[in-house]
Amino acid sequence: MADVMNIQGHVRLGSSAGQPLTRRDGILKVTGGATYAADNRPEGLLHAVTATASIARGRVTHLDVAAAEAHPGVVKVYIPANVPALALSPDNKIHPFVWRMEALQDDSVRYAGQPIALVLAETLEAATEGARLLAPQYDARTPHVTLDDAEPFNTETTAFGRPADHASGDIDLARAQAVRQVTTEVETAAQFHNALEPHAITAQWDGDRLVIDSPNQALGLSRQTFAAFLGIAPEDVLLRSPFLGGGFGSKAILYGAQLLAILAARDLGRPVKLALRRDQMYGPVGHRATTRQSLRLDLDDGGNIAAIQHDTVTLTSTFDHFLEGASNASHSVYAAQALRTTHRGRRADIGTPGPMRAPGEAPGSAALEIAMDVAAYAAGLDPLEFRLRNYTDTDPSSGMAFSSKALRECYAQAAEAFGWADRPREPRMMRQGRLLKGWGMGTAQFPCPMFQAAAHATLRADGSAVVETSAADMGQGAWTVLAQIAADGLGIDIDKVEFRSGHSDLPDAGVAGGSGHTATAGTALFNAGADAVRQLADLATNDPASPLFGAGNSGVTARNGRLHRNDDDRSEAYEDILARAGLDLIKGVGAGAREGEPTRAMFSHGAVFAEVLVDPDLGQIRVSRLIGAFAAGRIINPRLARSQLLGGMVWGIGFALHEEALHDARTGRFTNNDLAGYHIPVNADAPMMEAVTVHEDDAFVNALGIKGVGELGVTGTVGAIGNAVWHATGVRPHRFPIHPESLI
Ligand code: MOS
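Residues numbered from 1 in each chain as written. Predicted model: local features only at pLDDT ≥ 70, side-chain atom pairs only at ≥ 80, totals over all residues. Heavy atoms only, no water.

Some points on the overall build of the protein chain
This is how it is decided: By the criteria applied, helices consist of DSSP H or I runs no shorter than four residues and strands consist of E runs no shorter than two, each listed in order from the N terminus. What the globule rule says is 2.2 Å times the number of residues to the power 0.38, and the radius of gyration is computed from C-alpha atoms. Only heavy atoms matter for contacts: two residues are in contact if any of them lie within 4.5 Å across the pair. Each accessible area is a Shrake-Rupley result for a 1.4 Å probe, and residues are judged covered by the shown protein chains and nothing else. Counted as positive: Lys and Arg. Counted as negative: Asp and Glu, with His and the chain ends omitted from the count. Charge positions are represented by NZ for Lys, CZ for Arg, CG for Asp and CD for Glu.
The number of helices and strands found in the protein chain is 14 helices and 32 strands. Relative to its length of 744 residues, the protein chain is compact, with a C-alpha radius of gyration of 27 Å against a globular reference of 27 Å. Once the C-alpha set of the protein chain is aligned to its principal axes, its extents read approximately 85 × 75 × 50 Å. Contacts spanning at least 24 positions in sequence make up 81% of the contacts within the protein chain whose residues lie at least 6 apart. Carbon and sulfur atoms make up 50% of the accessible area of the protein chain, which amounts to about 26,700 Å² in all. One way to put it: in the protein chain the 65 positive side-chain charges average out to a point 3 Å from where the 84 negative ones average out.

So, in structure tokens, the structure goes:
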């Protein structure tokens, strides 16, 4: 039920929140009724294909444009010499989430797979053949694509928005009290998002008005970015993104290829569609960066951590500044008197990396949890006991208390469900048939950012409502979860809510990223609904003909489409209040954002326990069980939250055992830029898995008490699997993904 008064402090939600509803978009998706960007076929459509560089460093010296344009159906070839200019310099970062815009500005090649031309044709086949006929020639230089041969990076920058270095506490003093020092090195491979749906765009101009269909996690920001680089007003851009076939961070950012398609559409006066092929998404549209991480933990004789030092070296491109924030993962998980973390970049001839599901935290927590396991063993403690000994109720990096932290319950519930108490301390003690069996654990943690969102909620004369915000459903369930919150803000049944989202003419819902979309857009929607109900209550409580007359807004509660007096059982239906007032509708507006400087440390938490079976002869690793318990504030939809957590855990399996982009060191080209060579987990890799959520009230994180679940499940899982591999084999993994040959 919605309190009619403003939602200051902790609010109650009504009957929709907490329901395990199935996805409202599910039927559309399984019946093909959901249209994705590349499904759009406007009249007069031209197809665009990018030609990409087969070298990783150097210059393009010749493109056979004449041959390509002579091919039947080819309409035009754009190369740096004739591409329409952007209205802004490509270096102009209008927002921290906007990368250097690569749109054929010059003939240099900075990574393999870089777009070097755009071919427009009447058919996809003609455009593809036109791109082939360009037969590029190059002045090629020796590329550098590995951490060892990459150039040190000296530009002042941040680790994805946070300071590159952090120090808190007196590390010398802390170390002086320590009796034991544990050091660990962990490398993590480059990974690609590999959303099922490619980066696609259909662009059409109607005079100065631009309509774009493109999967997008941040409609308001993207509209603003497109407009700025095109030199038009944001209001003249309509960006439609009703469905995304996965985003994972790579669709929160805008890339040059998308702008090229728009420029071509304007130049040629026809709609243009561009859909990158799988191999074309390896390079120009972001990836999770390679990291090399060193951890040093100093322990006192009681097994308490005195100091944590976490240093990350990570690869970035030669032309932008993104640094993967892996060391940030050590800031707030465990008690430590002193912390030192650093990030250093090296430049390589690769595409610019970017955020990918649990950016920073995923590789960082993988390394931290390995180090914790090494330290527990060195201290003679069970890994869970060691983590409990170093449990903290304040964030050591900021000194702030946590807004809420039900991690103890997570440890207890997951350990119980897993049967952790029976774990032998030493490795190589368990077998299943001829296979070695091992158990490992890891702590999951992810921050709870909020962005800025706006929403409208309009109550209609028949008691139904329409709610509007430009939310992005990238498969996480925003259509469903946000509608549940909106229904409760309005105090009506979810079946009476028409939820409009997915295009940029709606109020801006902010970024679907950082696991903050439900909290941010949900708050805006709830506030919009509450605003409409407040206006309705004004009408009723001031109207002598209403049974609510004289109750005052604080004396009524909205539920089931009626306003109820709190002091007796009288109530009145919304329809009746509106009818008597002679109104067709009441419109509420709401915003969602975090106000002021935070006074608490805000994180979701969890504990993941893994069992692996390892073939002692072949080194083949199978995850046989994975059990996680998570605390993430108020869970709006337990079914979808579980699905998100399980999905994150499956990503953890991919991270730990499968996923890596491989370069040929001589050419700098990828050798596995397809789904045959880049192994994402399939059903056979996803074992018996369970994710439970632990009850958690949070009165600080936001008024609705919502944290986030999208990225949390990745974080504990990688380390848990790595630690289970050690427990099975006695071999410590120092690199993810763990290769079988490293175990034999
Ligand atoms: Mo994400 S990597 O917050 O979409």
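There is more to say after this.
Comments concerning unusual backbone geometry
In this structure, the amide linkage connecting Phe-736 to the following residue, Pro-737, adopts the cis form with an omega of 0 degrees. Relative to the assigned elements, Pro-737 resides in the segment after strand S32 (735–736).

Looking at the pattern of salt bridges
Side chains carrying opposite charge are able to pair once their charged atoms draw close together. Note the threshold: By definition, a salt bridge exists where a carboxyl oxygen of Asp or Glu is found within 4 Å of a side-chain nitrogen of Lys or Arg. The cut-offs for exposure are 20% and 50% of the maximum accessible area for each residue type, with area from a 1.4 Å probe on protein chains only; residues under the lower value are buried, those over the upper are exposed, and the others partly exposed.
Inspection of the entire model under this criterion finds 45 salt bridges. Here Asp-267 and Lys-76 are joined by a salt bridge, their closest N and O atoms 3.7 Å apart. Of this pair, Asp-267 sits in helix H6 (residues 256–268) while Lys-76 sits in strand S4 (residues 74–78), and the two are 191 residues apart along the sequence. By relative accessible area, which is 41% here, Asp-267 ends up partly exposed. What makes Lys-76 partly exposed here is its relative accessible area of 24%.

A short note on the side chain of Asn-328
Among the structural elements, Asn-328 can be located in the loop between strand S18 (305–316) and strand S19 (338–347). Look at Asn-328 and you get buried, because its relative accessible area is 5%. Leaving out residues up to four positions away in the same chain, Asn-328 has contacts with Ala-159, Arg-162, Pro-163, His-343 and Glu-361.

Some points on the confidence of the model for the protein chain
The condition that has to hold: The pLDDT score gives, residue by residue, the confidence of the prediction method on a 0 to 100 scale.
Mean pLDDT over the protein chain: 95, with 99% of residues reaching 70 or higher. Below a pLDDT of 50 lies the segment residues 1–9, which in the model reaches 32 contacts outside its immediate sequence neighbourhood of four places, other chains included.

Side note on the sheet that holds strand S16 (residues 272–275)
Sheets are built from strands that pair by backbone hydrogen bonding, the pairs being arranged parallel or antiparallel. Convention followed: For two strands to count as paired, DSSP must find a minimum of two bridges between them. To define axes, lines are fitted to C-alpha atoms, for helices over the stretch in contact only, and angles between the resulting N-to-C directions are given on a 0 to 180 degree scale.
Spatially, seven strands are ordered S4-S6-S2-S16-S13-S14-S15 in an open sheet, and the strand pairing comes out mixed. Lying at the two open borders of the sheet, with one neighbouring strand each, are S4 and strand S15 (237–240). Averaged over all adjacent pairs, the angle separating strand axes in this sheet is 20 degrees, with direction ignored. Here four bridges tie S4 to strand S6 (residues 115–121), and the two strands are oriented antiparallel to one another. In the strand pairing of S6, Val-77 is matched with Val-119. The sheet contacts of helix H3 (residues 124–133) involve strand S2 (46–52), S4 and S6, and relative to S2 the element is tilted by about 25 degrees. Here helix H5 (residues 219–230) sits on the sheet in contact with strand S13 (200–206), strand S14 (209–213) and S15, set at roughly 140 degrees to S15.

Points about the state of the cysteines
Operational definition: Our working definition of a disulfide is a cysteine sulfur pair at a distance within 2.5 Å.
Within the structure shown, the criterion is met by zero disulfides. This cysteine, Cys-410, is not joined by any disulfide, and Cys-448 carries the nearest cysteine sulfur, 13 Å off.

Let's talk about the nonpolar core
Counted only if it meets this: Throughout this description, the term nonpolar core refers to a set of buried Ala, Val, Leu, Ile, Met, Phe, Trp, Tyr and Cys residues connected via side-chain atoms within 4.5 Å.
The biggest cluster of nonpolar side chains holds 80 residues, and the ones touching the most others in it are Ile-305, Phe-609, Val-612, Leu-626, Ile-721 and Phe-736. Broken down by element, this core gets its largest block of residues, 10 residues, from helix H7 (residues 361–378). Not counting the four nearest positions on each side in its chain, Leu-626 is found in contact with Val-608, Phe-609, Ala-610, Met-649, Ile-653, Met-688, Met-689, Glu-690, Thr-717 and Ile-721. Of all hydrophobic cores here, the second largest spans 51 residues; its members include Met-450, Ala-528, Ala-551 and Leu-578.

What to know about the sheet that holds strand S5 (residues 108–109)
Across the sheet, which stays open at both edges, the three strands sit in the order S5-S3-S7 with antiparallel pairing between neighbours. The open sheet terminates on both sides in strands that have one partner only, identified here as S5 and strand S7 (137–140). Of the strand pairs in this sheet, strand S3 (residues 58–62) and S5 are connected by two bridges, and their pairing is antiparallel. By the bridge assignment for S5, Arg-59 is matched with Ser-108.

Things to note about the packing of aromatic side chains
The criterion, for reference: Each aromatic pair joins two rings of Phe, Tyr and Trp (for Trp, the six-membered one) with centres within 6.5 Å, and gets the label stacked for planes under 30 degrees apart, edge-to-face for over 60, and tilted for any other angle.
What the rule picks out here adds up to 18 aromatic pairs. With a centroid separation of 5.1 Å and an interplanar angle of 70 degrees, the aromatic rings of Trp-420 and Phe-609 are classed as edge-to-face. Placement of Trp-420 in the loop between helix H9 (407–418) and strand S20 (430–432) and of Phe-609 in strand S29 (residues 603–614) is noted, with a sequence separation of 189 residues between them. The two residues Trp-420 and Phe-609 agree in class, both being buried.

Here we look at the pairing of S18
With nine of its 12 residues buried, S18 lies for the most part within the structure. Note: strand S17 (residues 291–299) against S18, nine bridges, orientation antiparallel. Within S18, the position partnered with Arg-296 by the bridge is Gln-309. Between S17 and S18, which follow one another and run antiparallel, lie five residues, and Gly-303 among them has a positive phi close to 80 degrees. Here 10 bridges tie S18 to S19, and the two strands are oriented parallel to one another. Note on S19: the bridge partner recorded for Leu-315 is Arg-346.

Some points on the packing of helix H11 (residues 517–541) against helix H12 (residues 574–581)
What counts, and what does not: Definitions for this section: a left-handed crossing has its near helix turned counterclockwise from the far helix by less than a right angle. A right-handed crossing has that turn clockwise. In this count, Pro and Cys sit with the nonpolar residues alongside Ala, Val, Leu, Ile, Met, Phe, Trp and Tyr, while Asp, Glu, Lys and Arg are called charged and the others, Gly among them, polar.
Their axes nearest at 10 Å, the elements H11 and H12 cross at an angle of 60 degrees. The handedness of the crossing between H11 and H12 is left-handed. The segment H11 lies against H12, with Val-533, Leu-536, Leu-539 and Ala-540 engaging Tyr-574, Ile-577, Leu-578 and Ala-581. For the contact of H11 with H12, the residue count by class is eight nonpolar, no polar and no charged.

Describing the pairing of strand S26 (residues 562–565)
Here strand S25 (residues 556–559) runs beside S26; their pairing, made up of four bridges, is antiparallel. Across the sheet, Thr-557 pairs through a bridge with His-564, a residue of S26. Counting the residues in the hairpin turn of S25 and S26 gives two residues, including Asn-560, whose phi is positive at 55 degrees. As paired strands, S26 and strand S27 (residues 571–573) are joined by three bridges and run antiparallel to one another. By the bridge assignment, Arg-562 is partnered in S27 with Ala-573. What sits between the antiparallel neighbours S26 and S27 is a turn of five residues.

Describing helix H14 (residues 712–729)
With 18 of 18 residues buried, H14 lies mostly within the body of the structure. With its phi angle positive at about 80 degrees, Gly-730 sits one or two positions after the end of H14.

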